[in-house]
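# Coordinate analysis (summary)
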Amino acid sequence: MGYNGFGLEHTIAPPTYKPFRELSQIEQSERGAQMMIGFMSSCPGKTVVSGVTGFSLGGVLGLFMASMAYDTPLHSPLSGVASVGKIAEIPMTQQIKLQFADMGKRSYSSAKNFGYMGLIYAGVECVVESVRAKSDIYNGLWAGCLTGGGLAYKNGPQAALVGCAGFAAFSLAIDTYMNSENGKPTENDFND
């Protein structure tokens, strides 16, 4: 399926001859659903949804990873307490408060990173798909390369190249796996 432009024409309400107030409740809900589907299939809609979803997933993943860290939050300021031996001497409520604050910081940091990555990747993939006017596996490959290279360009050309290759390979692997159901079914023992 090719796109006309960048999908912004899908965000316009479907043409009807009746004003919204004169529609029945079912017609209003159908029009609202059509507008929502139109927004979700547009490039800005896909980008926003991917960013919000990435932020949410990143927050949950960051919370999980922070709760699994068995180290003490030495990288966070401990109001004068600098060594591990002194951390054990502070009251337990203060230790718990520091751990929760550290978990919140790690969770928010992970959420920002995942949201930013998802936002950029979805936007670039949608633009690449719109420009190429094709929906195939190469869109994810190009979007992965541009996203990975774009996120790593501040560290120099070698980092940008590695980021491009790594993100493109990951995108290709995910797209290949997700599209593997579109092929011929595999033979199994139940057909005998």
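Keep in mind it's a predicted model, so treat the numbers as computed, not measured. (Residues numbered from 1 in each chain as written. Predicted model: local features only at pLDDT ≥ 70, side-chain atom pairs only at ≥ 80, totals over all residues. Heavy atoms only, no water.)

## Observations concerning the layout of surface pockets
Its boundaries defined by the atoms lining it, the largest pocket holds a volume of some 520 Å³. Lining the largest pocket we find 15 residues, and of these G118, Y121, F167, F170 and I174 sit closest to its centre. For the lining of the largest pocket, the secondary-structure elements that each account for two or more residues are helix 2 (43–68), helix 4 (92–132) and helix 6 (157–178). The element that contributes the greatest number of residues to the lining of the largest pocket is helix 6, accounting for 6 residues. Within the lining of the largest pocket, the residues separate by chemical class into 8 nonpolar, 5 polar and 2 charged. Each of domain 1 (27–69 + 89–132) and domain 2 (136–182) accounts for three or more of the residues forming the lining of the largest pocket. By volume, the second largest pocket is sized at about 180 Å³. Surrounding the second largest pocket, 13 residues form its lining, K46, E125, C126, E129 and S135 being those nearest its centre. Broken down by element, the residue count for the lining of the second largest pocket peaks at 4 residues, all from helix 4. Looking at the lining of the second largest pocket residue by residue, the class counts come to 4 nonpolar, 4 polar and 5 charged. Inspection of the lining of the second largest pocket shows a minimum of three residues originating in each of domain 1 (27–69 + 89–132) and domain 2 (136–182). (1 Å grid on protein atoms, 1.4 Å probe; cavity = no way out; pocket = protein on both sides within 12 Å on 5 of 7 lines; lining within 4 Å. Points joined across faces, edges and corners; volume = space filled by probe spheres on them. Helix = DSSP H or I, 4+ residues; strand = E, 2+ residues; numbered from the N terminus. Nonpolar A, V, L, I, M, F, W, Y, C, P; charged D, E, K, R; others polar. Domains from an automatic or database assignment.)

## Description of the state of the cysteines
The tally for this structure, following the rule as stated, stands at 2 disulfides. The partner cysteine of C43 in its disulfide is C126, sulfur to sulfur 2.0 Å. Negative torsions about the S-S bond denote left-handed disulfides, and the value of about -90 degrees found for C43 with C126 makes this one left-handed. One end of the pair, C43, is in helix 2; the other, C126, is in helix 4, with 83 residues separating them in the sequence. Like C126, C43 is buried. In this model C145 forms its disulfide with C164; the gap between the sulfur atoms is 1.7 Å. Where C145 bonds to C164 through sulfur, the torsion about that S-S bond is close to -75 degrees, and the disulfide is left-handed. Pair noted here: C145 is in helix 5 (residues 137–152) and C164 is in helix 6, with a separation of 19 residues, a long-range link. Note on C145: relative accessible area 23%, which makes it partly exposed. Here the disulfide map of the chain reads 1-2, 3-4, the bonded cysteines being numbered as they appear in the sequence. (Disulfide = S-S within 2.5 Å. Buried < 20%, exposed > 50% of the residue type's maximum accessible area, 1.4 Å probe, protein only.)

## Brief notes about unusual backbone geometry
The phi torsion of most residues other than glycine is negative, and most of the peptide bonds are trans. In this structure, A133 takes a positive phi of about 60 degrees despite not being glycine. Counting through the fold element by element, A133 comes out in the loop between helix 4 and helix 5. For A133, a relative accessible area of 44% gives the class partly exposed.

## A closer look at helix 4
In an α-helix, one turn spans 3.6 residues; hence positions three or four apart end up facing the same way. When the terminal C-alpha atoms of helix 4 are compared, their 59 Å separation across 41 residues agrees well with the 60 Å that a helix rising 1.5 Å per residue should span. Positioned one or two residues after helix 4, A133 has a phi angle of 60 degrees, which is positive. (Expected span 1.5 Å × (residues − 1).)

## Description of a nonpolar patch on the surface
Together, M36, F39, M40, V48, V49 and V52 make up an exposed nonpolar region whose accessible area comes to about 500 Å². At the level of secondary structure, the elements contributing two or more residues to the nonpolar patch comprise helix 1 (25–40) and helix 2. (Patch = residues over 30% accessible without salt bridge, like charges linked within 9 Å, V, L, I, M, F, W, Y side chains within 5 Å. Areas by Shrake-Rupley, 256 points an atom, 1.4 Å probe, with all protein chains shown as cover. Salt bridge = Lys/Arg side-chain N within 4 Å of Asp/Glu carboxyl O.)

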